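Per-entry structural report
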Protein chains: 4
Amino acid sequence: MGTPVGIDRTTIDLNSDVGESFGMYTLGDDAAIISSVSSVNVAGGFHAGDPSTIRATCAAAAAAGVTVGAHPGYRDLAGFGRRFIDMEPAELSNDVIYQIGAVQALARAAGTSVRYVKPHGALYNAIAHHPVQAQAVLDAILTVDPTLPLMTLPGSEVGRLARASGLRTVAEAFADRAYNADGSLVSRTRPGAVLHSVSAVTDQVLRLVLEGQVVAIDGTVIDMPVESICLHGDTPDAVTLAAAIRFALVGAGVTIQSFV
Amino acid sequence: MGTPVGIDRTTIDLNSDVGESFGMYTLGDDAAIISSVSSVNVAGGFHAGDPSTIRATCAAAAAAGVTVGAHPGYRDLAGFGRRFIDMEPAELSNDVIYQIGAVQALARAAGTSVRYVKPHGALYNAIAHHPVQAQAVLDAILTVDPTLPLMTLPGSEVGRLARASGLRTVAEAFADRAYNADGSLVSRTRPGAVLHSVSAVTDQVLRLVLEGQVVAIDGTVIDMPVESICLHGDTPDAVTLAAAIRFALVGAGVTIQSFV
Amino acid sequence: MGTPVGIDRTTIDLNSDVGESFGMYTLGDDAAIISSVSSVNVAGGFHAGDPSTIRATCAAAAAAGVTVGAHPGYRDLAGFGRRFIDMEPAELSNDVIYQIGAVQALARAAGTSVRYVKPHGALYNAIAHHPVQAQAVLDAILTVDPTLPLMTLPGSEVGRLARASGLRTVAEAFADRAYNADGSLVSRTRPGAVLHSVSAVTDQVLRLVLEGQVVAIDGTVIDMPVESICLHGDTPDAVTLAAAIRFALVGAGVTIQSFV
Amino acid sequence: MGTPVGIDRTTIDLNSDVGESFGMYTLGDDAAIISSVSSVNVAGGFHAGDPSTIRATCAAAAAAGVTVGAHPGYRDLAGFGRRFIDMEPAELSNDVIYQIGAVQALARAAGTSVRYVKPHGALYNAIAHHPVQAQAVLDAILTVDPTLPLMTLPGSEVGRLARASGLRTVAEAFADRAYNADGSLVSRTRPGAVLHSVSAVTDQVLRLVLEGQVVAIDGTVIDMPVESICLHGDTPDAVTLAAAIRFALVGAGVTIQSFV
């Protein structure tokens, strides 16, 4: 894990993917999400996000005091970056640099800056276990700015490689996803993969923040010390769920704030 | 014009468009061109140029001591950015910021940096007379970095607006294009628009550099003080022509060097 | 106009743009729209519409007994085909053939077929007055299948050229757009350009169908014999409006049916 | 194999990929290739090929009496369709239908028609062993026209599934690729994967055509009855090699002609 043994139980970051609209196409209620979280992962234009959307999203984040991260993905607008692409690492690295640079310029135009990197979708999943693509993403971040933390899945290959390169990692858990006993996510193709009830979600979030633990789908209690909780912004009840999570955390005396 | 009355007749910048390959598609002999010029306009990915091409081109420019400029275009890979797109100025501005930011990041990855901006193709032509798109491009540059000069056509609308905004402009002439008596380019659809003989091209370049003048297609001699001469990189004899121009300039005691 | 002097006041076609979702991006409530109209203009993939969306939309149209038209646009997903592109006519023609062919194959896969062509957005507007692009679109239709009618604005350049080529035209009016006294649409940038009240829309539709007339924004009554009425599918109240129009027409004894 | 036991040793089809230029980007010398082969695989626009290129290529093939096949690929222009994309089979199937339909329309516009289908690059390789993607491609062909043969690798999964569906397969071998003893291609990442000498290539082609055999990289002689030989069109010496192959075949009394 990228977090110290004695995790901080009094603060937590909430993050969500935003800036994923494209031209006429609107995706998610970014304004509502930005008002609920402390960090936003802003799409880089390859899987989603046009320049005007990216800038407007960064401006909204800046106005709300929310931290901006770059959210690069595979060049696959038709697949929303959710399809693994078996590409050359040097090309992947340059695609990631390109997207981070573009978001940096638009974030600055909006009066803020890119403070971390979180890869998107199939790229996020690939680098959890694919060492070559993982290193390609790390090379990109190290090249652009080695002080940018990488947000990632606890226990991932990219996390290990990142820390070996001296890059800070920020472990995150998912508010509404079920976990296997080994700490991996239950595949979306299996029943129970997504938590739908508000109470199940808030229970999982509170346990993650207050105990550094999660209850796996088979009942096993596993350690999962994280610095951030990811909320999905594109589900129908995303905004309601985000509000409930905030309410539960604040009620438990937890401060919601960015990790940077 | 953006140049002082007493132009410098002992030095000149030569610039050319590069970095316009895309994936499997190769365009131009960038290596040869880079060895012939002092500044290169590196494509930003919207009309041409993939991230790996952009980075490799910047690296080659850095190795050769050649200045890098960003070369943003309309989002039109199928048309190579040569088709006017009647787009909203705010969107155009953000598209330009996105591309400049992306090239900046890849240029830094290659050990160099973006030192100026030159819009591409139909965008270059549009902003010579379209005040709304011109201002959109200027807003982009002013937002990213107001110290970046804009390379442009002498007498253009964007040049006037740029200087009014405090942005430095670098006027350029074309080595192989014929001019009308009013200083505009002869349309490519008309005979004589492009100079094909080496002597016609070198004569035009020498007169531009040594006299600050060009002989229009009707024989009129017009003043055209410029700081840079644009060489085309995608014509069959581009490399030969570039070598002849260098040879002529050096023989006339002119130093070829960037304007920054 | 493409319609005979004695227009048919007992039947009318209602058409709407559909199939404009793309990957993760959903646009419009196609299912509801398809249940309200007699013809649907299915996007061809260049301004909107991915292959799976196109096929599913054609299948829904087939199931509802709704006629399918191809709806080609400029290659401009980022601009949703709403930005004029100043392109070569031969390229435009081939882009249109490509899109019609693709929709034909997916329509057949869905158990139906393409029965007419209606260009989209900026292309629709351009060919109303741009003879070169108009002829390019007509050349495409004539090449693919000269029996396919072209749906177009009454009084348009493309309409005149189409009829001169022997191509059938289907004139359409817009249910919710205001008209100038010369029969052109009031620009969206001017107040009153879009009719918002249900009664204004149904009044306009009934007058168009029953009288072959429309009341212009300045009160002038103008002749506008049309074979189809276009309903917008992407406005928030599109479905409500469509239902009200159907109800008004049926109440007036008008049968809603395709023109083919 | 898709060929009868008693293969025809007096005729052979030569095929090559063409129509892969895109906008300003030229790839391969299609005119020269078309004059050397009997069948051409015309790109469908997703991995390469714009509509004007596709049409012009079909017109050149028609003029030369060369058979046209559709050559659909993954939607990956940046990767030239050479990167595996882990996509949903229904989406893949519709992407293939879309591309075949588009090429059909442009082929008809050029006075010819699509007579077979050969998937491109990573898709071609994937369906050789990936049953789900293989079936998706077959579903597309069966939907568009079940009489269209599929050109494929001998011994491939897609070949078995195709024949099980009643689809004709046309087995092909590669003129300049080395084979493993199991009939698979030697990976391009290994030495000796590509035959460079003219004599090695012509020897392999003659043995394939006259004996129905190929000598694997380890010296094993394996049976490989094929109906077509694929020539690469994008290598520097493609045209020279094609001429040498034609010369060798004609000298051996073999007629070069399409399989349809």
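Now for a look at the structure at hand. (Residues numbered from 1 in each chain as written. Chains lettered and ligands numbered in written order. Predicted model: local features only at pLDDT ≥ 70, side-chain atom pairs only at ≥ 80, totals over all residues. Heavy atoms only, no water.)

Notes on the interface of chain B and chain D
When the parts of a complex come together, some accessible area is lost, and that lost area is often taken as the interface size. Residue-level contacts link 15 residues of chain B with 15 residues of chain D. Summing both sides of the interface, chain B and chain D together bury roughly 1,200 Å²; the carbon and sulfur share of this comes to 75%. Along the contact surface separating chain B from chain D lie zero salt bridges. Taken together, the connections running from chain B to chain D amount to two residue pairs in polar contact (both at pLDDT 80 or more). Considering only residue class, the side of chain B that touches chain D consists of eight nonpolar, four polar and three charged. (Contact = heavy atoms within 4.5 Å. Buried area = accessible area lost by both parts, 1.4 Å probe. Salt bridge = Lys/Arg side-chain N within 4 Å of Asp/Glu carboxyl O. Polar contact = N/O pair within 3.5 Å; in protein donor to acceptor, adjacent residues only side chain to side chain. Nonpolar A, V, L, I, M, F, W, Y, C, P; charged D, E, K, R; others polar.)

Topic: empty space enclosed by the protein
Applying the stated criterion across every chain, the model contains 11 cavities of 30 Å³ or more. Taken together, 38 residues make up the lining of the largest cavity; nearest its centre are Leu77 of chain A, Leu77 of chain B, Leu77 of chain C together with Arg75 and Leu77 of chain D. In terms of residue class, the lining of the largest cavity is built from 22 nonpolar, seven polar and nine charged. Of the pockets and cavities examined, the second largest cavity occupies roughly 70 Å³. Around the second largest cavity, the lining residues are Ala175, Asp176, Val201, Cys230, Leu231, His232, Thr235, Ala238, Leu241, Ala242 and Ile245 of chain B. Considering every element that reaches the lining of the second largest cavity, the biggest residue donor is helix 8 (residues 238-251) of chain B, with four residues. In terms of residue class, the lining of the second largest cavity is made up of eight nonpolar, two polar and one charged. (1 Å grid on protein atoms, 1.4 Å probe; cavity = no way out; pocket = protein on both sides within 12 Å on 5 of 7 lines; lining within 4 Å. Points joined across faces, edges and corners; volume = space filled by probe spheres on them. Helix = DSSP H or I, 4+ residues; strand = E, 2+ residues; numbered from the N terminus.)

Quick look at the packing of helix 7 (residues 198-211) of chain A against helix 8 (residues 238-251) of chain A
All names here are of chain A. Running from amino to carboxyl end, helix 7 crosses helix 8 at an angle of 45°, the nearest separation of the two axes being 10 Å. On the basis of their axis angle, the class for helix 7 and helix 8 is oblique. The chirality of how helix 7 crosses helix 8 is right-handed. Judged by residue contacts, Val198, Val201, Thr202, Val205, Leu206 and Val209 of helix 7 engage Leu241, Ala244, Ile245, Ala248 and Leu249 from helix 8. Tallied by class, the residues present in the contact of helix 7 with helix 8 amount to 10 nonpolar, one polar and no charged. (Axes fitted to C-alpha atoms, helices over the stretch in contact; angles between N-to-C directions. Parallel < 35°, antiparallel > 145°, perpendicular 65-115°, else oblique. Left-handed = near helix turned anticlockwise from the far one by under 90°.)

Notes on the environment of Asp182 of chain A
Residues and elements named next belong to chain A. Among the structural elements, Asp182 can be located in the loop between strand 6 (169-174) and helix 7. Separated by 27 residues in sequence, Asp182 and Gly155 have C-alpha atoms that sit 9.5 Å apart. Polar contacts involving the side chain of Asp182 include one to the side chain of Ser184, which spans 2.6 Å.

So, the relation of the copies chain A and chain B
Rotating chain A by 180° and translating it 0.0 Å along the rotation axis places it on chain B, where the RMSD comes to 0.0 Å. A rotation of that kind, with that shift, is consistent with a two-fold axis. A share of 100% of interface residues in chain A that are also interface residues in chain B marks the association as one of identical surfaces. (Least-squares fit on C-alpha atoms with pLDDT ≥ 70 in both.)

Quick word on the interface of chain A and chain B
Of the residues lining the interface, 24 residues belong to chain A; the matching set on chain B comes to 24 residues. Here chain A packs against chain B, burying approximately 1,800 Å² in sum over the two surfaces, 59% of which is carbon and sulfur. The interface formed by chain A and chain B holds six residue pairs in polar contact (both at pLDDT 80 or more) in total. Broken down by secondary-structure element, the contributors of at least two residues to the side of chain A that touches chain B are helix 2 (51-64) and helix 3 (89-109) of chain A. Per-element accounting of the side of chain A that touches chain B gives the leading share, 13 residues, to helix 3 of chain A. In terms of residue class, the side of chain A that touches chain B is built from 11 nonpolar, seven polar and six charged.

Some thoughts on the packing of helix 2 of chain A against helix 3 (residues 89-109) of chain B
Two elements in contact, helix 2 of chain A and helix 3 of chain B, have axes separated by 8 Å at closest approach and are oriented at 85°. Looking at the two axes, helix 2 of chain A sits roughly perpendicular to helix 3 of chain B. Contacts between helix 2 of chain A and helix 3 of chain B pair Pro51, Ser52, Ile54 and Arg55 of chain A from the former with Ala90, Glu91, Asn94, Asp95, Ile97 and Tyr98 of chain B from the latter. Within the contact of helix 2 of chain A with helix 3 of chain B, the residues separate by chemical class into five nonpolar, two polar and three charged.

Description of the pairing of strand 1 (residues 11-18) of chain C
Residues and elements named next belong to chain C. Here strand 1 lies mainly inside the structure; six of its eight residues are buried. Summarising the sheet, strand 1 and strand 9 (residues 228-231) pair through four bridges and their orientation is parallel. From the neighbouring strand, Leu14 faces strand 9, where its bridge partner is Ile229. Taken together, the four bridges between strand 1 and strand 2 (residues 39-43) define a ladder with parallel strand orientation. Looking at strand 2, one finds that Val18 is bridged to Val42. (Buried < 20%, exposed > 50% of the residue type's maximum accessible area, 1.4 Å probe, protein only. Pairing = 2+ DSSP bridges.)

A few points about the relation of the copies chain B and chain D
It takes a turn of 180° to lay chain B on chain D, together with a shift of 0.1 Å along the axis; the resulting RMSD is 0.0 Å. Mapped onto chain D, 100% of the interface residues of chain B again fall at the interface, so both copies present the same surface.

Functional significance is not addressed by these values, which are geometric in nature.
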